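# Descriptive structure summary
The chain contents come next:
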Amino acid sequence: MREHDLLKPALGPTLAVLQAIGQDQLDLPTPCTDLTVRGLLEHLAEWAPILTAAAGSSAAPPPTASLADALTALADAWSDPSAWEGLTTMGGGDPLPATFVGGMALGELVVHGWDLARATGQSPTWDDDVLAFLHREVDRTAELGRQVKAYGPEVPVPETAPLLDRALGLSGRDPGWTPTA
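Quick look at the structure, then. (Residues numbered from 1 in each chain as written. Predicted model: local features only at pLDDT ≥ 70, side-chain atom pairs only at ≥ 80, totals over all residues. Heavy atoms only, no water.)

## Things to note about unusual backbone geometry
A positive phi angle is found at Lys-149, which is not glycine, with a value near 65°. Tracing the backbone through its elements, the reader meets Lys-149 in the loop between helix 5 (128-147) and helix 6 (163-170). Classification of Lys-149 as exposed rests on a relative accessible area of 70%. (Helix = DSSP H or I, 4+ residues; strand = E, 2+ residues; numbered from the N terminus. Buried < 20%, exposed > 50% of the residue type's maximum accessible area, 1.4 Å probe, protein only.)

Shown next, in the form of structure tokens:
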């Protein structure tokens with residue numbers, strides 16, 4: 001699969017996680033340092049339109065759109081092969097390679113989908129092609145991610161661990177994290 005074919009398969013499990021989150025779970029801790037479930041949902045709601053616009057999409061959802069709609073618009077925008085070409089910006093700042101920002105978009109869906117799932121006791125699974133791409137992207141951008149505080153210090157994970165666990169470790173997450181740990 002090409003990168004633009006991976007956003008929609010990445011979205012499905014994350015949407016299922018979102019739909020299963022109960023109101024009583026909003027204040028639970030997540031593996032995403034210092035964010036509760038509510039805080040992580042707010043983070044996704046803030047970044048989804050920015051990343052959608054970075055794909056060159058004029059179809060960014062209105063601020064009143066549901067998070068599911070905003071994430072669907074994000075996946076739709078980055079499913080266009082032309083979104084991955086050239087340079088783009090994320091609401092200002094220096095232009096970045098579109099491939100870098102597209103990788104971030106997929107990472108937001110999967111890594112934060114996992115964060116929310118772990119916090120709320122869910123066990124989603126993502127397609128192997130999605131996870132292979134995620135691992136390559138996180139491996140490629142891990143040092144920069146740590147410099148800008150998007151990732152924490154690497155958590156050692158065995159090379160024999162599943163791809164998702166290895167990508168999570170590179171992003172500074174403990175794949176064995178539980179709300180009580």
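Moving on from the coordinates now.
## Let's talk about the pattern of salt bridges
By the definition in use, this model includes 7 salt bridges. The partner of Glu-3 in a salt bridge is Arg-2, with the nearest N and O atoms 3.6 Å apart. Taken together, the salt bridges that share partners define one network made up of Glu-143, Arg-146 and Glu-154. (Salt bridge = Lys/Arg side-chain N within 4 Å of Asp/Glu carboxyl O.)

## Concerning the side chain of His-112
Position of His-112 relative to the elements: it lies in helix 4 (residues 98-119). Here His-112 falls in the buried class, since its relative accessible area comes to 6%. Ignoring any residue separated from it by four or fewer positions in sequence, one finds His-112 in contact with Cys-32, Leu-40, His-43, Leu-44, Gly-107 and Arg-173. (Contact = heavy atoms within 4.5 Å.)

## Things to note about the packing of aromatic side chains
For the structure shown, the criterion picks out 2 aromatic pairs. Where Trp-78 meets Trp-84, the ring centres are 5.3 Å apart and the plane angle is 75°; that geometry is what we call edge-to-face. Taken together, Trp-78, Trp-84 and Phe-133 form an aromatic cluster joined through their ring pairs. (Phe/Tyr/Trp six-rings, centres within 6.5 Å; stacked < 30°, edge-to-face > 60°.)

## Side note on helix 1 (residues 7-20)
Over its 14 residues, helix 1 runs 21 Å from end to end, which matches the ideal 20 Å to within 8%, given 1.5 Å per residue. Looking only at helix 1, the buried set comprises Leu-7, Ala-10, Leu-11, Pro-13, Thr-14, Leu-15, Val-17 and Leu-18. Its buried side turned inward, helix 1 meets helix 2 (37-54), helix 3 (67-78), helix 4 and helix 5. (Expected span 1.5 Å × (residues − 1).)

## Focus: the nonpolar core
One finds Trp-78, Leu-106, Val-110, Leu-116 and Leu-134 to be the most contacted residues of the largest nonpolar core, which totals 49 residues. At 11 residues, helix 4 tops the list of elements feeding residues into this core. Aside from chain neighbours lying at most four places away, what touches Val-110 is Ala-10, Thr-14, Trp-126, Val-130, Leu-131, Leu-134 and Leu-164. (Core = buried A, V, L, I, M, F, W, Y, C linked by side-chain atoms within 4.5 Å.)

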